[in-house]
Amino acid sequence: MNPFDFYIAHEYAFAATQLFLAMLGMGATLTPRDFLEVVRDPRGFSVGIVLQLVGVPLLALLFMLLLSLEPGVAVGLALCAAIPGGTVSNIFTYLARGHVALSIALTAVATIACLVTTPLILGWLIAEHMAADFVMPAGRIALEIAIYLMFPLLLGMLILRFAPAAAPRVSRYGIRGSLFVILLIVIGALGAGRLDLVVFGVPNIVTVLAFILVLAVLSALLPALLRLSRSDARTINIEITVRNTNLALLIKASLFPAVVGVADPLGDAVLFTILLYGGLMLILGFAMIAYYRRDAGQAISSRSIS
């Protein structure tokens, strides 16, 4: 069998593996104590979770109403909007000197909530782009989230609790393994001819870029207007912008399974949209880290002088 045909035949397994590894790696860094500070001052959490579960889907809906999006792009953006933040947002928050406990709390609670919210949001946003006889598999999506998100997350936390010496290695290799599998997904999709920049088109690329930029700007402005602390504000900005595209890939593989020898323009456009969002969010995330680290450094210098 052609190696790229092997990828197509096992796309779901690739997506499930990378998500499991990512959540296992994140779980191995968490303890219940990480959430105590957030409970004591819940304002940042409240703003972040409302943006995560309500604000982002509404923005996706606005894009769909105002722009004539192709079905694949609309479904891809809906998937990106319906998922929570993930491991990468926690790492970026740490590097940006944000409120790491808040980032972890937002990720964890949004991940639990998405057992219910993700099927609802997807049914709300993408029903018109699916076949007339399509029924949103809400139960299956919820089960997949439980198996591939919640179980490895809790398993990682148990490893940290009962085998703390092994936890750093589990976290390190889990996250690295997830990134490696994502690389395999990109290579497999490219080799199978499913990621075609020319076919996807410049207007669609601009649409995805505009969506992520508007999301980043809004999630920076609202915490500032509400006068949250700088630490909480930068955390929310990163958490809302840097989303768990690992989960989006898994749901895409579930809703639009690749079949060897069968063309699927809709599924390919959805896959490209998710991967493009993932790439752009990483670039923007590194820019956020550089900006916020400089801002934090200047704040420390100002306090030292005063």
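Residues numbered from 1 in each chain as written. Predicted model: local features only at pLDDT ≥ 70, side-chain atom pairs only at ≥ 80, totals over all residues. Heavy atoms only, no water.

J.: Hey, could you run me through the overall build of the chain in this one?
T.: The helix and strand tally for the chain stands at 14 helices and 0 strands. For the chain, the succession of helices and strands along the chain, N to C, is α-α-α-α-α-α-α-α-α-α-α-α-α-α. Across the 306 residues that make up the chain, the buried fraction comes to 52%. For the chain, the share of sequence-separated contacts (at least 6 apart) that also reach a separation of at least 24 residues comes to 87%. Accessible surface, the chain as shown: approximately 14100 Å² in total, 71% of it carbon and sulfur. (Helix = DSSP H or I, 4+ residues; strand = E, 2+ residues; numbered from the N terminus. Buried < 20%, exposed > 50% of the residue type's maximum accessible area, 1.4 Å probe, protein only. Contact = heavy atoms within 4.5 Å. Areas by Shrake-Rupley, 256 points an atom, 1.4 Å probe, with all protein chains shown as cover.)

J.: I tried to follow the nonpolar core on my own but got confused; where do I start?
T.: Generally speaking, soluble globular proteins have nonpolar side chains that are buried together. Residues Leu 79, Leu 122, Phe 211, Ile 236, Leu 247 and Tyr 277 are the most contacted members of the largest nonpolar core, which totals 86 residues. Here the element with the most residues in this core is helix α14 (residues 265-305); it accounts for 13 residues. Setting aside anything within four residues of it in sequence, one finds Tyr 277 in contact with Cys 80, Val 208, Phe 211, Ile 212, Leu 215, Ile 240, Thr 241, Arg 243 and Thr 245. (Core = buried A, V, L, I, M, F, W, Y, C linked by side-chain atoms within 4.5 Å.)

J.: Even after reading the chapter, I still don't get the packing of aromatic side chains, so can you show me in this structure?
T.: Two aromatic rings are characterised by how far apart their centres lie and by the angle between their planes. Per the counting criterion, the structure on display carries 6 aromatic pairs. With a centroid separation of 6.2 Å and an interplanar angle of 45°, the aromatic rings of Phe 20 and Phe 151 are classed as tilted. Of this pair, Phe 20 sits in helix α2 (residues 11-27) while Phe 151 is found in helix α8 (residues 138-162), placing the two residues 131 residues apart along the sequence. Overall, Phe 20 belongs to the partly exposed group, its relative accessible area being 25%. For Phe 151, a relative accessible area of 48% gives the class partly exposed. Feature note: the residues Phe 63, Phe 211 and Tyr 277 constitute an aromatic cluster, connected by ring pairs. Over the aromatic face of Phe 162 sits the side chain of Arg 161, whose NZ or CZ is 5.1 Å from the ring centroid. (Phe/Tyr/Trp six-rings, centres within 6.5 Å; stacked < 30°, edge-to-face > 60°. Lys NZ or Arg CZ within 6 Å of the ring centre and 35° of its normal.)

J.: It is not clear to me how the environment of Leu 213 should be interpreted in this structure. Could you clarify?
T.: Mapped onto the elements of the fold, Leu 213 is located in helix α11 (residues 202-225). Expressed as a C-alpha distance, the spacing of Leu 213 and Leu 284, which sit 71 residues apart in the sequence, is 8.5 Å.

J.: Any chance you could explain the pattern of salt bridges here in plain terms?
T.: Where charged atoms from two side chains of opposite charge come close, those side chains can pair. Applying the stated criterion across every chain, the model contains 2 salt bridges. The shortest N-O distance in the salt bridge between Asp 295 and Arg 230 comes to 3.6 Å. Placement of Asp 295 in helix α14 and of Arg 230 in helix α12 (residues 230-241) is noted, with a sequence separation of 65 residues between them. Using a relative accessible area of 15% as the deciding quantity, one classes Asp 295 as buried. Here Asp 295 ties to Arg 234 by a salt bridge, and the two come within 3.1 Å at their closest N and O atoms. One end of the pair, Asp 295, is in helix α14; the other, Arg 234, is in helix α12, and 61 residues separate them in sequence. Judged by relative accessible area, which is 6%, Arg 234 ranks as buried. Salt bridges linked by common partners bring Arg 230, Arg 234 and Asp 295 together as one network. (Salt bridge = Lys/Arg side-chain N within 4 Å of Asp/Glu carboxyl O.)

J.: Teacher, can you tell me more about a nonpolar patch on the surface here?
T.: On the surface, Val 50, Val 54, Leu 58 and Trp 124 cluster together into a nonpolar patch covering about 380 Å² of accessible area. Sort the elements by how many residues they give to the nonpolar patch and helix α4 (residues 43-66) lands first, with 3 residues. With respect to the helices, strands and loops of the structure, Trp 124 is situated in helix α7 (residues 100-126). (Patch = residues over 30% accessible without salt bridge, like charges linked within 9 Å, V, L, I, M, F, W, Y side chains within 5 Å.)

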